[in-house]
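Examining the three-dimensional arrangement
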Amino acid sequence: MKAIYLDCFSGISGNMMIGALLDAGLPSEYLRAELAKLPVTAYKLIDKEVIKRGIKARYFNVEARQWFQPSRNLRDIHKIISESSLTDTVKEKAITIFNRLGAAEAKVHGVPESKIHFHEVGAIDSIVDIVGIAIGLEYLGIERIFTSELHVGSGYVKCSHGRMPIPAPATAELLKGIPFYSEGVKGELVTPTGAAVVACLAEACGPMPKGFIIQQVAYGAGSMDLEIPNAVRLYMGTVSAGVEAASQEAKIIETNIDDMNPEIYGYVIELLLKHPGVHDAYLTSIMMKKGRPGIKLSVLVSANKVADISRVILRETSSLGVRIMDCDTVHLEKEIVTLETPWGQARVKVGRLAGQVLNVAPEYEDCKAIALKHNAPLKEVYQQMIADAKKLLEAASE
Ligand SMILES: O=C([S-])c1cc(C(=O)S)c[n+]([C@@H]2O[C@H](COP(=O)(O)O)[C@@H](O)[C@H]2O)c1
Ligand code: NI
C-alpha cells in the first residue's frame, strides 16, 4: 500500500504539507486546476524552490488578493466544498479536517461550532491549504499516513487574540492523544491546520512503522529561518497492508444504547470504519435495565485516536458517555494479493506468522461483484479464489 511518513522535526503547517506533496510529485498545474473547482478566486498561489539550511525544499503559500474576504463560518465552508466538482474523497477529507479545526476553535473560545468564523485572510488560506492537501493525497494515491512525534516550537505567537503561548490554544486542543515536544526552538512550528491534518489523517505518530520501504524523500518548507531547517520531511513509499505502526497501543471504546433509531447503526459503523486508526467497529445485542433490549457498540481503535473516535460516537449516537479499555492485540502479517482469474481480477488477503501462511481470505466485495456479474454461487467464487491463491503462493515459494 502506498504510504507516507511525515518527519515533523521542524513542525507541520498546511503550507508545509502542500509544499511537501508538490516536492513528492504532485504537479503544480494539477493542483491549480483542481483548486479552480472551488468558487473562491481572490487568491494567488506562491510555489517555489527554496533552500532551508542547505536543504532544497518546496515552498507553498497562499496570498489573498484582497484584504477584505467575506467572513465564513463552518457551514459556508461546507457549502463551498460540497457544491464544487471536486471528487467525493477530496470533499470528505477536507470537510473532516475543517470540522476538527472548527471543533477545536469552538472548545478553546467557549462558543458553539456554528458560531466559529474563519476570519478574513485566514479563511482563504485554510480553504486552499486543506482542500489542496486532500487533492495532493488523492493524486499521489496515498492510502496510509504516519508521522513522527511533532516538534511544536516554543514562545509566543501573535494573532488576532493577541500573544498566545505555543502551541497555540487550538493547536494544543488538536494535539490531544498526539505525542509532541519542544527543544527550545523559538517560534510556532505546528499550526492549528497542521495539527488538524495530523489528528484527522495520521494512523499513528511515533517511529516509522516496521516494514515501511522508502521510495522518495521530499521537503515542504515553512516560512521561518531557524537554526534547524524549517521544513517537513515527507518519506513516500510502501507498507504492507498488515503493518501496524511500531509501539501502537490499542483501546476498545464501548457504549450501551437502548434509545436510538435502529436505522442509525449501519451509518455509524460505516462512518467509524472510514476513520484512520479504527481497526474494527461492531454491535452486540444486550439486555439492559428495565427489561429494555439494547445494543453495545464496540470500536477497536489505535490509542492515539481515542479522543477523536469518542467524539464521533457521542456526536452520532444517542449515547451520553463511553468507556475506554486497554486492549492487547496479536496480528498476522497481512498482504493483499491480486489474482487474475477467468472471471476477472479479485483481491485475496494472505495472513502470515513468521513467514508461514496461516490464512487466505478472499475479499468479500470482489467475490460478490464476480458472483453477481457471472451469476455464480458466491461460495463457489470463494472456493475458486482460495484455490487460485494457494496455487500462486506455492508457485512463489518454490
Ligand atoms: O484567529 C484565530 S481564532 C486563531 C486562533 C488560534 C488559536 O489557537 S485559538 C490560533 N491562531 C493562529 O493563526 C495562525 C494561522 O494558523 P493556520 O493553521 O490557519 O495556518 C497561526 O499562527 C495560529 O496560531 C489564530
Ligand atoms: Ni482561535
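Nothing here was measured: the structure is a model prediction, and the numbers come from that model. (Residues numbered from 1 in each chain as written. Chains lettered and ligands numbered in written order. Predicted model: local features only at pLDDT ≥ 70, side-chain atom pairs only at ≥ 80, totals over all residues. Heavy atoms only, no water.)

Now for the packing of aromatic side chains. By the definition in use, this model includes two aromatic pairs. Geometrically, the ring pair formed by Tyr 30 and Tyr 139 is tilted, given 4.7 Å between the ring centres and 50 degrees between the ring planes. Note that Tyr 30 is positioned in helix H2 (residues 28–35) and Tyr 139 in helix H5 (residues 120–140), a separation of 109 residues in sequence. When its relative accessible area of 28% is taken as the criterion, Tyr 30 is described as partly exposed. The class for Tyr 139 is partly exposed, based on a relative accessible area of 38%. (Phe/Tyr/Trp six-rings, centres within 6.5 Å; stacked < 30°, edge-to-face > 60°. Helix = DSSP H or I, 4+ residues; strand = E, 2+ residues; numbered from the N terminus. Buried < 20%, exposed > 50% of the residue type's maximum accessible area, 1.4 Å probe, protein only.)

Turning our attention to the packing of helix H4 (residues 88–109) against helix H7 (residues 192–201). Running from amino to carboxyl end, H4 crosses H7 at an angle of 120 degrees, the nearest separation of the two axes being 9 Å. Comparing the axis directions of H4 and H7 gives the class oblique. Crossing angle aside, the handedness with which H4 passes H7 is right-handed. Across the interface between the two elements, Lys 93, Thr 96, Ile 97, Arg 100 and Leu 101 from H4 touch Pro 192, Thr 193, Ala 196, Val 197, Ala 199, Cys 200 and Leu 201 from H7. Residue composition of the contact of H4 with H7, grouped by class: eight nonpolar, two polar and two charged. (Axes fitted to C-alpha atoms, helices over the stretch in contact; angles between N-to-C directions. Parallel < 35°, antiparallel > 145°, perpendicular 65-115°, else oblique. Left-handed = near helix turned anticlockwise from the far one by under 90°. Contact = heavy atoms within 4.5 Å. Nonpolar A, V, L, I, M, F, W, Y, C, P; charged D, E, K, R; others polar.)

Take the domain arrangement of the protein chain next. Taken as a whole, the protein chain is organised into domain 1 (2–238), domain 2 (250–327) and domain 3 (333–397). A separation of 39 Å is found between the C-alpha centroids of domain 1 and domain 3. (Domains from an automatic or database assignment.)

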